[in-house]
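# Reading the structure
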Amino acid sequence: MSALIDLLHLREPVEALKAKSVPRHRSAFWYYLGGLALFFFCVQIVTGVLLLMYYRPTPEAAHQSVEMIVREVPFGSMIRSVHSWAANALIATVFLHMFSVFFMKTYRSPRAILWVTGIVLLLLMLGFGFTGYLLPWDSTAYFATRIGTEIPRTIPILGDTIASWLRGSKEVTGATLTRLFGLHVAILPLIALGFASVHIAITALLGSGTPRTAEIKGETRFLPDYLFGESILWLIGLAVLLAVAVLFPWNLGPAYDLTKPSEPPAGVHPEWYFMFLYQSLKYVPEWSAVLIYTIVLLFWTAVPWLDRNARRGKRSPVFTWIGILAIAGIATLTTLAYFSVAQEQADARTEQTSVPDTTAPH
Amino acid sequence: MVAFAAPFVYAASKFLSYQGVLGGNKTATFSAEELTPDSPSKLVEIEGEPVIVVREADNSIRAFTATCTHLGCIVSFRPQLAIGHEVTPGFYCKCHGGKYDVNGINIPGTPPKAPLTELEVVDVADDLTISLLPKTASQ
């Protein structure tokens, strides 16, 4: 090993990593979430590249190719399920990571740039989720994308342009599939890799931030102790992913045929991480939802500058309460959304037995 | 820097704004006999856009754009749709519960804020041809 390090001229970087350490305190466990998110991101890259070998991004072949991956290609179902479950695990981990940083107030100076790049990475992960959702071209994904790509139209001035750039046509068609595929496999990964590199490099440079009142019990050497702990978590993450992928293979709904339009299945809804947005649209007009969430996002991004107390190393209970309110709001809206979807599905079942739907397939 | 980038940004934005549909049908053609009292409506695709064709109670055949004007889902025809206290034929969007009357007019109090567009139907000896040409008011 030592000879290999010398051969590759890695002695200095390895020594620098050995010199690094991570503070040890009561909340230090939360540091591992950043590394776990990075691990899930790597899983996405590997499984995504494998899926690319068979996936075909056209309305005629997309669903068929995913069906082939799932039914015929050896380990295809597992790889696709790992990709789908890991996407959810990644977003959940990034959310947890963000809130742990928020409550530890480790966004305070000089780590504001870490907070901002982290928010951008969260948005990029949500972008991956949105663009990947349509790719299997099943009925639910088709209608969720129709709604998702319609919402930007409510943005003043630029709305129509953004919607038309996303769709590539007036409706959701093959052009939309091609664009979302391009975003999913080329544009977003490039941007995400850039931001992830900056995020990791700055973390390495500044070290981990500690909560204001944390009682530092010492330091954990980054290499090998911290990395050893982190890799145990990665292995657990991988084992859980594989188990879930095998026990609960990701569903593939019926294909959507553009040439034979049909009405949406009952209770069309986006993935769980967009459910709070979806529910908000039921209470306020689309344009105001876009405006409110833009303001919330700008506020959330500017927290390191707005939280002056944290910046000066003082207590900032107001921001702790803002964080609690944010979690409560997201949880409430998400729960309400799932209740409403369940209600819509129940209503549709009742309606099917009482009112004839004359647009059923001919 | 801006002067250098501007032509590229302009070209890229024009490139991305193209809205052509590859391989879409310019018209939908089928026999009026496909629309029966038991199955009085049919969804068809014209230039990538869903269109709903309906045989009404007086036997007239009408076509409307089927894209819900709320958030872009696809509407379906219901011979019995609860609109206020009445039950009449109309269009219904499953995604967010949008309703339109039989003339495609959005029902106040439901999410859509604009009507469906009625389209021209050419009926030659029960052979129907529908395009995305809006029906003119005089017809």
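Up top you'll find the structure we're talking about.
## What about the packing of aromatic side chains?
The tally for this structure, following the rule as stated, stands at 28 aromatic pairs over all chains. Both rings, one in Trp137(A) and one in Tyr142(A), keep their centres 5.6 Å apart while their planes meet at 70 degrees; by these two values the pair is edge-to-face. For the pair Trp137(A) and Tyr142(A), a shared accessibility class is recorded, and that class is buried. Centroid distance Phe299(A) to Phe319(A): 6.3 Å. Interplanar angle 5 degrees. Geometry classified as stacked. On the criterion of sequence distance, the pair formed by Phe299(A) in helix H12 (residues 286-301) and Phe319(A) in helix H15 (residues 317-354) is long-range, its members being 20 residues apart. Overall, the relative accessible area of 10% leaves Phe319(A) in the buried class. Taken together, the aromatic side chains of Phe99(A), Phe102(A), Phe103(A), Tyr107(A), Trp115(A) and Trp300(A) make up a single cluster linked through ring pairs. One residue, Lys42(B), lies across the ring of Phe30(B), its end atom 5.2 Å from the ring centre.

## Some thoughts on helix H5 (residues 76-104) of chain A
All names here are of chain A. With 29 residues, H5 should cover 42 Å at 1.5 Å per step; its first-to-last C-alpha distance of 41 Å lies within 8% of that length. Counted residue by residue, H5 has 21 buried out of 29 residues, so it is predominantly covered. Just downstream of H5, Lys-105 is the residue with a positive phi angle, here 60 degrees.

## Things to note about the sheet that holds strand E4 (residues 61-65) of chain B
All names here are of chain B. Strand order in the open sheet formed by six strands is E1-E9-E8-E4-E3-E2, with antiparallel pairing between adjacent strands. The sheet is open, and its two borders are formed by strand E1 (28-31) and strand E2 (41-46), each paired with just one other strand. When the angles between neighbouring strand axes are averaged without regard to direction, this sheet yields 30 degrees. Of the strand pairs in this sheet, strand E3 (residues 49-55) and E4 are connected by five bridges, and their pairing is antiparallel. Looking at the pairing, Val-54 lines up with Arg-62 of E4.

## Describing the environment of Pro134(B)
Residue and element names in this part refer to chain B. Structurally, Pro-134 can be placed in strand E9 (residues 127-134). When the C-alpha atoms of Pro-134 and Ser-39 are compared, they prove to be 24 Å apart, with 95 residues separating the residues in sequence. Those residues in contact with Pro-134, other than ones at most four positions away along the chain, are Thr-117, Glu-118, Leu-119 and Glu-120.

## Thoughts on the sheet that holds strand E6 (residues 86-93) of chain B
Residue and element names in this part refer to chain B. Strand order in the open sheet formed by three strands is E5-E6-E7, and the pairing between neighbours is antiparallel. Among the strands making up the open sheet, the edge pair consists of strand E5 (75-83) and strand E7 (98-101). Direction aside, the axes of adjacent strands within the sheet are offset by 45 degrees on average. Where E5 and E6 come together, seven bridges link them in antiparallel fashion. Note that in E6 the partner of Phe-77 across the bridge is Phe-91.

## A few points about the environment of Val44(B)
Within the element layout of this structure, Val44(B) appears in strand E2. When its relative accessible area of 7% is taken as the criterion, Val44(B) is described as buried. When the C-alpha atoms of Val44(B) and Thr27(B) are compared, they prove to be 9.4 Å apart, with 17 residues separating the residues in sequence. Sequence-distant contacts of Val44(B), defined by excluding residues within four places in its chain, comprise Pro261(A), Ala28(B), Phe30(B), Glu49(B), Pro50(B), Val51(B) and Val53(B).

## Examining the nonpolar core
Ranked by size, the top nonpolar core spans 45 residues in total, and within it Phe95(A), Met98(A), Tyr107(A), Trp115(A) and Met125(A) carry the most contacts. Secondary-structure elements contributing two or more residues to this core are helix H3 (32-52), H5, helix H6 (112-133), helix H9 (174-206) and helix H10 (222-247) of chain A. Sorting elements by how many residues they give to this core places H5(A) first, with twelve residues. Of all hydrophobic cores here, the second largest spans 36 residues; its members include Ala144(A), Leu177(A), Phe64(B) and Leu71(B).

Basis of the calculations
Residues numbered from 1 in each chain as written. Chains lettered and ligands numbered in written order. Predicted model: local features only at pLDDT ≥ 70, side-chain atom pairs only at ≥ 80, totals over all residues. Heavy atoms only, no water. Phe/Tyr/Trp six-rings, centres within 6.5 Å; stacked < 30°, edge-to-face > 60°. Buried < 20%, exposed > 50% of the residue type's maximum accessible area, 1.4 Å probe, protein only. Helix = DSSP H or I, 4+ residues; strand = E, 2+ residues; numbered from the N terminus. Lys NZ or Arg CZ within 6 Å of the ring centre and 35° of its normal. Expected span 1.5 Å × (residues − 1). Pairing = 2+ DSSP bridges. Axes fitted to C-alpha atoms, helices over the stretch in contact; angles between N-to-C directions. Contact = heavy atoms within 4.5 Å. Core = buried A, V, L, I, M, F, W, Y, C linked by side-chain atoms within 4.5 Å.

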